[in-house]
Every structure is written in structure tokens, then in C-alpha cells.
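# Residue-level structure breakdown
Read off the chains here:
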Amino acid sequence: MFPRLSPACIVLVTHHDKILLARSPHFPEGLYSTLAGFVEAGESAEEAAHREVLEESNIHIKNLRYFGTQPWPFPHSLMIGFFAEYDSREIAPQEEEIEDVQWFTKENLPTLPHEGTIARKMIDTWLKNH
């Protein structure tokens, strides 16, 4: 028997000294995180990263770089983390899924995801390098 896995990509988008974080209406008050979404059938993780960021924030990204993975139990997922750089377009949140999306500097960060999550590891890695 082989376990079923649902791959998902998670992306930390950077632009100079800023990172792009979003807020889902399902998050605890004040919490922001990286953008993420499931890989669709016939799509690579890299293609999904570009598509999800565009769908959720209306921006194009470039210079996608692999970060790492994390198993995620909801539902039986494997999160595939990427760093990416802002390329073009103005930010606009996807109304059905995203309550707010905006750029943050290390001096004005909102409440972040729990330590141990891939989203937080990516943010902490970026903070350490900036």
C-alpha cells in the first residue's frame, strides 16, 4: 500500500528589503504568513508556485529557488518551500481566499506563524540574511 500525498507549494516573495505576507480570514487575528497552495494535476511545483502567487496576490515572480520541504497533515500534504523575487504588477488580494496581502520589512513584521512551520523557517532564514 502506498500513502497518498497532496503536494503543495509555499513561497516567500522578496523585494529588496521587504517580504510579501498574506492574511487568510481563517488565521488567528493579526497573523500573516507566506503564500501557499496545492499543486494541480499535470503541474510542476515550480509552475504551481508561480500560479498560486499570481492568483493570491496578483504579482508575477522570478528567480524561484528551492528552500526545503515539510510534511503537513492537512490533508496528507507535502509542503515544498521556495524563495522568489518580485517581478511585476501591483498587489491585489484574491477576494475568496486572502483578506490582506502586503509588504513588510524586518522592522514592521506582523504576528508570524509558529516556530517549526516551514513558513516560519523561511521567514527566519530571510531575517537572518537581512
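Okay, so let's go over this structure. (Residues numbered from 1 in each chain as written. Predicted model: local features only at pLDDT ≥ 70, side-chain atom pairs only at ≥ 80, totals over all residues. Heavy atoms only, no water.)

## Here we look at the nonpolar core
- One finds V11, V13, L20, V53, I59, I61 and F82 to be the most contacted residues of the largest nonpolar core, which totals 19 residues.
- Sorting the residues of this core by element identifies β1 (6-15), β2 (18-23), α1 (45-57), β5 (77-88) and β6 (100-104) as the ones contributing at least two each.
- Looking at which element gives the most residues to this core, the answer is α1, with four residues.
- Counting residues in each nonpolar core, the second largest holds 15 residues, with M79, L112, M122 and W126 among its members. (Core = buried A, V, L, I, M, F, W, Y, C linked by side-chain atoms within 4.5 Å. Buried < 20%, exposed > 50% of the residue type's maximum accessible area, 1.4 Å probe, protein only. Helix = DSSP H or I, 4+ residues; strand = E, 2+ residues; numbered from the N terminus.)

## Description of the side chain of Q94
- With respect to the helices and strands, Q94 occurs in the loop between β5 and β6.
- Using a relative accessible area of 15% as the deciding quantity, one classes Q94 as buried.
- Contact partners of Q94, with chain neighbours within four places excluded, come to E55 and E56. (Contact = heavy atoms within 4.5 Å.)

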